[in-house]
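One letter stands for each residue in the lines below.
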Amino acid sequence: MALFRFATDPPTRPLIRTRNLILRPPLAGDFSAWAVLRLESRDFLTPWEPVWSEDDLTRNSFRLRVKRAAREIATDEAYCLFVLDARTETLLGGLTLGLVRRGVAQACTLGYWMGQRHAGKGHMTEAVRGALGFAFSELALHRVEAACLPQNLPSRRLLERVGFRAEGEARGYLRINGVWADHLLYGMLAADLRKG
């Protein structure tokens, strides 16, 4: 495993396959499935996400997301991935390994969302496990960090189930649903995944 990686050698097309899922970057052709899933899940997602912009679900906004995701992958800044059912290729949700920090840190931040109709079925647990394997092997990272609202019990249980350790609380950490909110902080090291 490489100790250090540089922005010149990120995976060009990250693709993660697990038993039941495919995680891959968003494509322009995903717009309709993404917009429908996000719209029908809006009330479900609102308590856990930043406020959506007025044009959030437009084709143009999505096109910019796809371009930004490709640019961030090419520069090893972030890995925005869609979570799809491997059998049907149905879009289930999304996952990001973001804020990649190289040099002495070799770390990133994990974020994720699941469409309401797919929640509670173990998909995100499987997706996060696959993403952790990718982060620690393909990206040669040392640490993955995550944060969640204290009242988000499903997210807390997911992080603990896959091996994250609670590391404390950050006051006013992220602006969620229009309010600066305290978050519980979690971390996982590559060595933790090897032990598990």
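The structure reproduced in this document is the subject of the present report. What you are looking at is a predicted structure, and each value in this text was computed from that prediction instead of being measured.

1. As for the packing of aromatic side chains
Here comes step 1: Scanning the model with the defined rule gives 5 aromatic pairs in all.
Here comes step 2: Aromatic side chains phenylalanine 62 and phenylalanine 82 sit 6.3 Å apart centroid to centroid with 35 degrees between the ring planes, which places their arrangement in the tilted category. Of this pair, phenylalanine 62 sits in helix H3 (residues 59–74) while phenylalanine 82 sits in strand S3 (residues 79–85), and the two are 20 residues apart along the sequence. The same class applies to phenylalanine 62 and to phenylalanine 82, which are both buried.

2. Brief notes about helix H1 (residues 31–40)
Here comes step 1: Every buried residue of H1 is listed here: Phe31, Trp34, Ala35, Leu37 and Arg38.
Here comes step 2: Lining the buried residues of H1 we find helix H2 (42–45), H3, S3, strand S4 (91–101) and strand S5 (107–114).

3. A word on the nonpolar core
Side chains of a nonpolar character, in soluble globular proteins, are inclined to be buried together.
Here comes step 1: Counting 35 residues, the largest nonpolar core has Leu23, Leu95, Leu97, Leu110, Val128 and Phe164 as its most contacted members.
Here comes step 2: For this core, the secondary structure elements donating two or more residues are strand S2 (21–24), S3, S4, S5, helix H4 (123–137), strand S6 (143–148), helix H5 (153–162) and strand S8 (179–189).
Here comes step 3: Broken down by element, the residue count for this core peaks at 8 residues, all from H4.
Here comes step 4: Leaving out residues up to four positions away in the same chain, valine 128 has contacts with Leu95, Leu110, Tyr112, Leu158, Val162 and Phe164.
Here comes step 5: In this structure, Phe31, Leu37, Leu45 and Phe82 belong to the second largest nonpolar core, which totals 12 residues.

4. Focus: unusual backbone geometry
Here comes step 1: Although it is not a glycine, glutamate 89 adopts a positive phi angle of roughly 60 degrees.
Here comes step 2: Looking at the element boundaries, glutamate 89 is found in the loop between S3 and S4.
Here comes step 3: The class of glutamate 89 is exposed, set by a relative accessible area of 55%.
Here comes step 4: Notably, alanine 140 is not glycine yet its phi reads approximately 55 degrees, a positive angle.
Here comes step 5: Secondary-structure assignment places alanine 140 in the loop between H4 and S6.

Reading the values: rules and limits
- Numbering of residues starts from 1 in each chain and follows the order in which that chain's sequence is written.
- The predicted origin of the model limits local features to residues at a pLDDT of at least 70 and limits the giving and counting of side-chain atom pairs to 80 or more, whereas totals for whole chains, interfaces and linings rest on all residues.
- Calculation of side-chain values draws on the structure's entire complement of heavy atoms; hydrogens and water are dropped beforehand.
- Working definition: rings of Phe, Tyr and Trp (its six-membered ring) pair if their centres are within 6.5 Å, and the pair is stacked with planes under 30 degrees apart, edge-to-face with planes over 60 apart, and tilted otherwise.
- Per the convention used, a helix needs a DSSP run of H or I reaching at least four residues, while a strand needs a run of E reaching at least two, with both numbered from the N terminus.
- Buried, partly exposed and exposed residues are distinguished by accessible area as a fraction of the type maximum, computed with a 1.4 Å probe on protein chains only: under 20%, between the cut-offs, and over 50%, respectively.
- Between two residues, a contact is recorded if the distance between any of their heavy atoms is within 4.5 Å.
- Residues enter a nonpolar core if they are buried and are Ala, Val, Leu, Ile, Met, Phe, Trp, Tyr or Cys, with the set joined through side-chain atoms within 4.5 Å.

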